[in-house]
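Chain residues, written in single-letter form:
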Amino acid sequence: TAGMHAGLVLLGVRVKTLEYTPEKSVKVNGHEVHELVNQVVQAAMSSQQTRDASDFEALAASLRDVVEGRHGSRPGGDRRQGSEGGVDGEEAEADGQQDVDDVGEEQL
């Protein structure tokens, strides 16, 4: 979880809550973005070979938009966006999410 959180932050994603199950689910701020995160990683690897980062930049921007609840479309298909509204405090805990500020050293 700490590695995923760090990677998202490096992409400019504002992570308030993170629920991560490797190879299955990445839920950021109440929005399921597993598929989109995979596309960002694939675009990053492809851009290294093609020397064209435009797809990577567009997908990373879409990822930032999704987790902040902004609407729109992204390259490569329609968005998968969670149905939850703003997630914080009691709502996050009820959904099984953990506030990023509450992550203890033992979990990292």
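Every value quoted in this text rests on a predicted model; they were computed, and no experiment measured them. (Residues numbered from 1 in each chain as written. Predicted model: local features only at pLDDT ≥ 70, side-chain atom pairs only at ≥ 80, totals over all residues. Heavy atoms only, no water.)

## Describing the sheet that holds strand β3 (residues 31–32)
If you trace the 3 strands from one edge of the open sheet to the other, you get β1-β2-β3, paired in antiparallel fashion. The sheet is open, and its two borders are formed by β1 (18–21) and β3, each paired with just one other strand. Bridge count for β1 against strand β2 (residues 25–28) is 4 bridges, and the pairing is antiparallel. Across the sheet, the residue bridging to E19 is K27, located in β2. (Pairing = 2+ DSSP bridges. Helix = DSSP H or I, 4+ residues; strand = E, 2+ residues; numbered from the N terminus.)

## Details of the pairing of β2
Across the two faces of β2 the burial is the same, with S25 and K27 and V26 and V28 all buried. In this structure, the hairpin formed by β1 and β2 is closed by a connection of 3 residues, where E23 is found at a positive phi of approximately 65°. Summarising the sheet, β2 and β3 pair through 2 bridges and their orientation is antiparallel. Paired with V28 across the bridge in β3 is H31. Between β2 and β3, which pair antiparallel and follow one another directly, the connecting turn spans 2 residues, one of which, N29, has a positive phi of 55°. (Buried < 20%, exposed > 50% of the residue type's maximum accessible area, 1.4 Å probe, protein only.)

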